[in-house]
Amino acid sequence: YKKITASISACHNFLVEAFLLQHASAPSRIVLDLDATDDLIHGDQLGRFFHGYYGNYCFLPLYIFCGDHPLLALLRPSNIDASTGAVGHLDRIVTMIRKAWPSVQIVIRGDSGFCRDKLLCWCEANNVDYVVGLAQNTRLKSLLKPELDIAEQRFQETGNPYRVFKDFAYQTLDSWAHERRVIGKAEHLEKGPNP
């Protein structure tokens, strides 16, 4: 028999190349979804770590999709930040896409696990738009207090969930290089406030 070794870089590039070939013409805009989620481990595999958020031993794969098309599926240990390695893979993927489609607008979308200064600065420096979640904190909640009060009042009046949005400039105390635009959601549900 002969051992066959995969070329990891060729495998990664194939997913992007296959995605590009499925389009007869360049779209005007694409959205790249970033996600990291648990892949439970049932045994003593190499890279096995307990992840507190998922409450189990697991891997933490990094996925990048454009619609239904996978552009990256990378198995990783779970003792890392969700965004680890995302910038390098985005750089490779975006470079390949822009080589084929120079004028396409690219938007990155991710949850708060990807709201990291390194990734946001990379997007800003590479003309890539982004929409990422921002985890709650006391400063953000206090900035949304008037809108949360309105949402609660409307909920009390109608009995229906109510949502108010606020657009403002915000900078973290120490993790962001500069101020950024934030859209806050002040929502009141049957269970209570949901900012």
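Treat the numbers as computed from the prediction; the structure is a model and nothing was measured. (Residues numbered from 1 in each chain as written. Predicted model: local features only at pLDDT ≥ 70, side-chain atom pairs only at ≥ 80, totals over all residues. Heavy atoms only, no water.)

Caption draft 1: Seen up close, the sheet that holds strand 10 (residues 180-189). The strand order across the open sheet built from 3 strands is 9-10-11, with neighbouring strands paired in antiparallel fashion. The outermost strands of the open sheet, each flanked by one partner alone, are strand 9 (162-170) and strand 11 (192-193). Note that strand 9 and strand 10 share 9 bridges and pair antiparallel. When the sheet's bridge partners are listed, tyrosine 170 is paired in strand 10 with arginine 180. Across the sheet, helix 5 (residues 145-158) lies against strand 9, strand 10 and strand 11, angled at about 25° from strand 10, the strand it touches most. (Pairing = 2+ DSSP bridges. Helix = DSSP H or I, 4+ residues; strand = E, 2+ residues; numbered from the N terminus. Contact = heavy atoms within 4.5 Å. Axes fitted to C-alpha atoms, helices over the stretch in contact; angles between N-to-C directions.)

Caption draft 2: Region of the structure containing the pairing of strand 7 (residues 105-110). Pairing of strand 1 (residues 29-36) with strand 7 involves 5 bridges; the strand directions are parallel. Bridge pairing links valine 31 to valine 107 in strand 7. Running through helix 3 (residues 117-125), the crossover from strand 7 to the neighbouring parallel element strand 8 (residues 129-132) is right-handed. (Right-handed = clockwise from strand over helix to strand, strands pointing away.)

Caption draft 3: Spatial organisation of the sheet that holds strand 3 (residues 49-51). Pairing is antiparallel across the open sheet formed by 3 strands, whose spatial order is 2-4-3. One side of each edge strand has no neighbouring strand; the edge strands of this open sheet are strand 2 (39-40) and strand 3. Relative to strand 4 (residues 56-59), strand 3 runs antiparallel, the two sharing 3 bridges. Across the sheet, residue phenylalanine 49 finds its bridge partner in strand 4, namely cysteine 58.

Caption draft 4: Structural view of the side chain of histidine 51. Along the polypeptide, histidine 51 turns up in strand 3. Once residues within four sequence positions are removed from consideration, histidine 51 is found in contact with Asn56, Cys58, Leu60 and Ser78.

Purely geometric numbers; function is a separate question.
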